[in-house]
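# Chain and residue survey
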Amino acid sequence: MMSFELLGFGDLGSVHIGMTRDQSRALLGRGFEEFLKAADSTVPTDAYDDLGVHVYFDESYRVIGVEFLKWSDLSWRGQHLSGADVLEVQQYMVAQGEALNFNSSGFDVNGLGLRVYAPDIGEEEAVIETVYVSFVKDK
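Everything in this summary refers to the structure shown in the same document. (Residues numbered from 1 in each chain as written. Predicted model: local features only at pLDDT ≥ 70, side-chain atom pairs only at ≥ 80, totals over all residues. Heavy atoms only, no water.)

Moving on, we come to helix α1 (residues 21–28). All of the buried residues along α1 are R21, S24, R25 and L28. Across the axial projection of α1, the buried residues extend over an arc of 100°, all falling on one side. Across from the buried face of α1, at angles greater than 90 degrees, the exposed residues are D22 and A26. Considering only its buried residues, α1 is in contact with β1 (3–6), β2 (33–35), β3 (45–48), β4 (53–57) and β5 (63–69). Immediately downstream of α1, the backbone of G29 shows phi near 100°, a positive value. (Buried < 20%, exposed > 50% of the residue type's maximum accessible area, 1.4 Å probe, protein only. Helix = DSSP H or I, 4+ residues; strand = E, 2+ residues; numbered from the N terminus. Arc of directions from axis to C-beta. Contact = heavy atoms within 4.5 Å.)

This part is about helix α2 (residues 86–95). Restricting attention to buried positions, one finds in α2 the residues V86, V89, Q90 and M93. Down the axis, α2 shows its buried residues gathered within 100° of arc, on one side only. Within α2, the exposed residues directed more than 90 degrees away from the buried face are Q91 and A95. On its buried side, α2 packs onto β6 (73–76), β7 (79–80), β8 (101–103), β9 (106–109) and β10 (114–117). The N-cap of α2, judged by a side-chain oxygen 3.1 Å from the amide nitrogen of L87 a few residues on, is D85. Once α2 ends, the next one or two residues include G97, with phi positive near 90°. (Polar contact = N/O pair within 3.5 Å; in protein donor to acceptor, adjacent residues only side chain to side chain.)

Below, the structure written as structure tokens:
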């Protein structure tokens, strides 16, 4: 199992802004499948299902984001994120000074480029299903 730690915006340590698809594949290994995430996608996403990681690329095949599924190992400042208790993560991030923007299926932490998907948010024992780490600043 590979561990990932969000160090800052667009920086997962070994995976970071500017990294090419070849570099991410060299780092993460051969155990991936390419798939098109949406009907209008032109660039395939690399799915590392054993790691619980999907890597997204732009048209020039540079990493623009990484999605962590709930069985992956993603943390930030020592707090586990993927698969963790939603309320615990929310409280931790607020205590660390992060602003959370809530929506019907989770929350975003724009300062860190995080999109947290937790469809059961607001319910007891809700867990984070996926965390998308964006490497692209919103315009």
